Amino acid sequence: MGCKGRTIFKIFFVLALFLQSCSNTRFLKGDNTLLKKNKLNISLSAEARKQIKQLDVNTDLEYYLSLLPVQKSNKKAAKLFKLSLSIYNTFYKDTCGSFRHWIYSKLGEEPVLFDKSLLSKSQNKINGYLVNRGFLNATVTDSFYTVKKRTTVEYNINPGKLFIVDSIYFPTITNGVSKLLNDFKEGSMLKVGMPLDGDVADAERNRLCNEMKNWGYYKFKPQFIYYQIDTTGKNGKVSVHFKLVIPQADEQDRYFLKNVFVDMDADQYELENKSNDDTTIYNNHVFTFDDYYVKPEVLDECLFVFKNDKYSYQDINYTAQRLSDLGLFQFVGTSFKQIAPDTLNCFIRLTPVKKQQISPTIEINNIENNIGNALSLYYLNRNFDHRATQMKFNLDGGLQIPVFKSDSLIYNFNASLNFAAPRLILPFKLKNVSRRLAPVTRFSLSTKYIQQTSVYSLLTYNFTYGFEFHNSSRQSHLLNPVSVSMVKVPYLSPSFQQRLDADPFLKQSFSDQLIGGITYVGTFTDQNEKDKINTYYLRAIGELSGPVTYGLFKTFDALGVNTAKDEEGHYTVSGLNFSTYLKADADFH
């Protein structure tokens, strides 16, 4: 810690001591007392501790229970002083607009006055949490005591035994709905041998409901499924019984789609698509539009609901997600209208964002005793070819002006152009490419020029051509079959050259070079799934540079074709040596 940091810390410490010396209870009126703290006395048996450890259950029970009391004492700064409370009491004034009011309202914290009537509510929350986590016989009592107008609340908690699931039963098969529910039990989130957990049981109920909706049961609701816990004759074990409330007749029907309407420039508050002047039909989807236009074949690739198909909750959500991923719409809405006992019309409403965006920026700053300024221009066109292709152009330049005469001017210039198209762009045509791969083709071209006058100049070029695939919420892939970077050093001063010769690592950054190769990045995760208790994340990166180019040169040599080489016999491209390497990296948690 520097001198300045130590000085600030000392001032803070002295201020804290001064404010803390002022009693935080002196403003209390009548029988009011200040809540000092909540104290949790947890009596966890040795058997329960062993169970928790063996089952790999989160053992930080005290932390989660400490979050449950309705009333919590005032916060402590650095876990030492209730500084915010002291500021409030010191500067409180019942008038608005003054500096004192700003200090206590922004920096202070109002005192938490003990309220006895809230104890039972806190007790019920703690008990409910424990029961929901499988401690079915948990008991919670509360007490409190007051010393000098400061009240401490004690919660005496006995979780008891942790109950384990030993059997799971699905509804008895009496009709098509109950039979289908039994077909879904293989993917159950509730497993035999795991601790009883109400959140997992609720998630399983929602999963079953969604599975029913994916099979066309449009009117099926989670309320149609409930579960019962049976502990009869079991020692620390439970049976979970899922039951079915018999829905009404129309709620047991499977629904099918008659027509699918897509409005490209809808009002997000409309319930149905409006009658527009222009209508076109593509792949049995009805597209309507006024001013905003995207070619129907592009939007059709994002649609997973089709005429005469059964209703599917999963396909509806995936359609909305794919349309949102285009980056063209600020709102994507879906609605349905029943037109027959088992038939629906589907309405997809798209509210477009502004097609073009221009953002100029001017910056002035201080960089290492130099005065710096920068000017940048950003341009975005989200749909410049009516095929949802996004074009981004960025141009910026900067100048560092020396404050001292010994320094020299440093100026830089950057330009980049990027294209992203929601389709595969290849020199050949691929057949039967699944639309669920969600392919995106990306082109990127950039250049950067840096010069420090009378010292050096550096010029770089980068070009990337690649593809992204998002074939599910768990997987995404980035493949750049072409990735080229070129560095040119037009000028080095003699003195700077001597510095580079003495520093080989720095010299590598100021040498002509060519890097070309293939890059792959794969991401595998289930963190986006809401009902997951335990999740994983894996990111794998691989880079290959040089072997293909080197192999081509070797082939040319074997065929007797002249190839370019430098003085040391290394192959060159346009007079530049090219890098050869293989790199792999992974991150898992």
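Residues numbered from 1 in each chain as written. Predicted model: local features only at pLDDT ≥ 70, side-chain atom pairs only at ≥ 80, totals over all residues. Heavy atoms only, no water.

## Here we look at the overall build of the protein chain
- On a plain count of helices and strands, the protein chain comes out with 13 helices and 23 strands.
- Burial status across the protein chain gives 35% buried among its 589 residues.
- Nonlocal contacts in the protein chain, meaning residues at least 24 apart in sequence, comprise 60% of its contacts between residues at least 6 apart.
- Carbon and sulfur atoms provide 54% of the accessible area of the protein chain, an area that totals close to 34600 Å². (Helix = DSSP H or I, 4+ residues; strand = E, 2+ residues; numbered from the N terminus. Buried < 20%, exposed > 50% of the residue type's maximum accessible area, 1.4 Å probe, protein only. Contact = heavy atoms within 4.5 Å. Areas by Shrake-Rupley, 256 points an atom, 1.4 Å probe, with all protein chains shown as cover.)

## Examining the sheet that holds strand β6 (residues 237-244)
- Across the sheet, three strands lie side by side as β4-β6-β5; this open sheet has mixed pairing. Single-partner strands in this sheet number two, and they are β4 (164-169) and β5 (225-230). Going from strand to strand, the sheet's axes swing by 25° on average, the running direction of each strand aside.
- Two elements, β4 and β6, share five bridges in a ladder whose sense is parallel. Bridging from a neighbouring strand, I164 pairs with K237 of β6. (Pairing = 2+ DSSP bridges. Axes fitted to C-alpha atoms, helices over the stretch in contact; angles between N-to-C directions.)

## Structural notes on the pattern of salt bridges
- Here the structure, examined in full by the defined rule, presents 14 salt bridges.
- Where K221 meets E251, a salt bridge forms, and the shortest distance between an N and an O atom there is 3.9 Å. Within this pair, whereas K221 is found in the loop between α8 (198-214) and β5, its partner E251 is found in the loop between β6 and β7 (256-263), the two being separated by 30 residues in sequence.
- On the basis of relative accessible area, K221 is assigned to the partly exposed category, the value being 36%. (Salt bridge = Lys/Arg side-chain N within 4 Å of Asp/Glu carboxyl O.)

## Some thoughts on a nonpolar patch on the surface
- Nonpolar side chains collect at one region of the surface, where I362, I364, I371, L375, I401, V403, L409 and Y411 lie side by side and expose about 770 Å² of accessible area between them.
- Of all elements in the fold, only β12 (356-367) and β13 (370-381) reach the threshold of two or more residues within the nonpolar patch.
- Mapped onto the secondary structure, L409 falls in the loop between β14 (390-402) and β15 (410-421).
- On the basis of relative accessible area, L409 is assigned to the partly exposed category, the value being 34%. (Patch = residues over 30% accessible without salt bridge, like charges linked within 9 Å, V, L, I, M, F, W, Y side chains within 5 Å.)

## A look at the nonpolar core
- Membership of the largest hydrophobic core comes to 27 residues, with the highest contact counts inside it found for V262, L299, L323, L326, F329, I348 and L350.
- With four residues, the top contributor of residues to this core is strand β11 (residues 343-352).
- Setting aside chain neighbours within four positions, we find L299 in contact with V262, M264, F287, V294, L323, L326, F329 and L350.
- Counting 22 residues, the second largest nonpolar core, distinct from the first, contains A48, Y129, L130 and Y155. (Core = buried A, V, L, I, M, F, W, Y, C linked by side-chain atoms within 4.5 Å.)

## Considering the environment of R205
- If you trace the backbone, R205 turns up in helix α8.
- R205 sits in the partly exposed class, given a relative accessible area of 25%.
- For the pair R205 and I225, spaced 20 residues apart in sequence, the C-alpha separation works out to 6.5 Å.
- In contact with R205, not counting residues within four places along its chain, are P222, I225 and Y226.
- Side-chain polar atoms of R205 contact the backbone oxygen of I225, separated by 3.3 Å. (Polar contact = N/O pair within 3.5 Å; in protein donor to acceptor, adjacent residues only side chain to side chain.)

## Some words on the confidence of the model for the protein chain
- Confidence in the prediction for the protein chain averages 84 pLDDT; 88% of positions are at 70 or higher.
- β7 holds the highest mean pLDDT among the elements of the protein chain, 95, whereas helix α1 (residues 3-21) holds the lowest, 50.
- Segment residues 16-21 is flagged for pLDDT under 50; beyond a separation of four residues in sequence, or across chains, it makes 10 contacts in the model. (pLDDT = per-residue confidence, 0-100.)

## Observations concerning the packing of aromatic side chains
- In total, this model carries 19 aromatic pairs according to the counting rule given.
- Ring plane angle 80° and centroid distance 5.0 Å describe the contact between Y456 and F510, whose orientation is recorded as edge-to-face. Of this pair, Y456 sits in strand β17 (residues 456-469) while F510 sits in the loop between α12 (504-509) and β19 (513-525), and the two are 54 residues apart along the sequence.
- Residue Y456 is classed as buried on the basis of its relative accessible area, which comes to 13%.
- One residue, R435, lies across the ring of F304, its end atom 6.0 Å from the ring centre. (Phe/Tyr/Trp six-rings, centres within 6.5 Å; stacked < 30°, edge-to-face > 60°. Lys NZ or Arg CZ within 6 Å of the ring centre and 35° of its normal.)

## Quick look at the pairing of β15
- Bridging between β14 and β15 involves 11 bridges; their strand directions are antiparallel. When the bridges of β15 are listed, Q400 appears paired with I410.

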